[in-house]
Amino acid sequence: MKEKPYLIYALLAFSSDGTRKACHIDFTNNIDKRLGRHRRTRPERLSQLALFDWARLEQAKIAYAALVLVRADPVRVVEIKNQWARLALADGFLMPDFPGLEPEGRDTWYARFPVQAKHWPSQEINLVSVLLENAEKSCPILFL
């Protein structure tokens, strides 16, 4: 398979009382189109992503963070995305779009993939994340 550049990104939401957090990890090779689709989600309606519904119930705003830009074939990109998802689960994030996955990385589907990083880089992600409504292609990327 041919390698192409992909951006792996996270959508993050934190409960209004700060005790719960949820995320959606995904990848794209057209971030403008993907961000536009996410921004068109209306808070008052059910969305394509369960994260938006979770955020609405928790009265949380959704933030966007560009995690890593990779050049790889689609199979490898999914593996890298899964590594990031496992780190998020281990850090206590809920993943509403994947019911049955539990925090702490206990799900075997995600555990199949090796994790290069040792932890979810919370401080670094906080530095590069922006509210989804303000996100654009030129937002900083955590790891290039």
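## Here we look at a positive patch on the surface
Together, Lys-33, Arg-37, Arg-39 and Arg-40 make up a positively charged patch on the protein surface. Structurally, Arg-37 can be placed in helix α1 (residues 31–39).

## Side note on helix α2 (residues 50–58)
Every buried residue belonging to α2 is among Leu-51, Phe-52, Asp-53, Trp-54, Ala-55 and Glu-58, and all of these are buried. Residues of α2 that are buried in the fold lie against β1 (4–14), β2 (21–28), α1 and β3 (62–72). With its phi angle positive at about 55°, Gln-59 sits one or two positions after the end of α2.

## Remarks on the nonpolar core
Counting residues in each nonpolar core, the largest one holds 25 residues, and the members touching the most others are Ile-8, Leu-12, Ile-25, Leu-67, Trp-84, Trp-120 and Ile-125. Counting only elements with at least two residues in this core, the list comes to β1, β2, β3, α3 (74–90) and α5 (122–128). In terms of residue count, α3 provides more of this core than any other element does, seven residues in total. Setting aside residues up to four positions removed in sequence, Leu-12 forms contacts with Ala-22, Cys-23, Leu-51, Lys-61, Ile-62, Ala-63, Ala-65, Phe-93, Trp-120 and Ile-125. Of all hydrophobic cores here, the second largest spans 19 residues; its members include Ile-31, Ala-55, Ala-66 and Leu-132.

## Observations regarding α3
With 17 residues, α3 ought to run about 24 Å at 1.5 Å a step, and its terminal C-alpha atoms sit 24 Å apart, in line with that. Turning to α3, its buried residues are Val-77, Ile-80, Lys-81, Asn-82, Gln-83, Trp-84, Ala-85, Leu-87, Ala-88 and Leu-89. The N-terminus of α3 is capped by Asp-73, whose side-chain oxygen sits 3.0 Å from the backbone nitrogen of Val-75. Directly beyond the C-terminal end of α3, a positive phi value near 95° is found at Gly-92.

Reading the values: the criteria
Residues numbered from 1 in each chain as written. Predicted model: local features only at pLDDT ≥ 70, side-chain atom pairs only at ≥ 80, totals over all residues. Heavy atoms only, no water. Patch = residues over 30% accessible without salt bridge, like charges linked within 9 Å, V, L, I, M, F, W, Y side chains within 5 Å. Areas by Shrake-Rupley, 256 points an atom, 1.4 Å probe, with all protein chains shown as cover. Salt bridge = Lys/Arg side-chain N within 4 Å of Asp/Glu carboxyl O. Lys, Arg positive; Asp, Glu negative; His and termini not counted. Charge placed at Lys NZ, Arg CZ, Asp CG, Glu CD. Helix = DSSP H or I, 4+ residues; strand = E, 2+ residues; numbered from the N terminus. Buried < 20%, exposed > 50% of the residue type's maximum accessible area, 1.4 Å probe, protein only. Contact = heavy atoms within 4.5 Å. Core = buried A, V, L, I, M, F, W, Y, C linked by side-chain atoms within 4.5 Å. Expected span 1.5 Å × (residues − 1). Polar contact = N/O pair within 3.5 Å; in protein donor to acceptor, adjacent residues only side chain to side chain.

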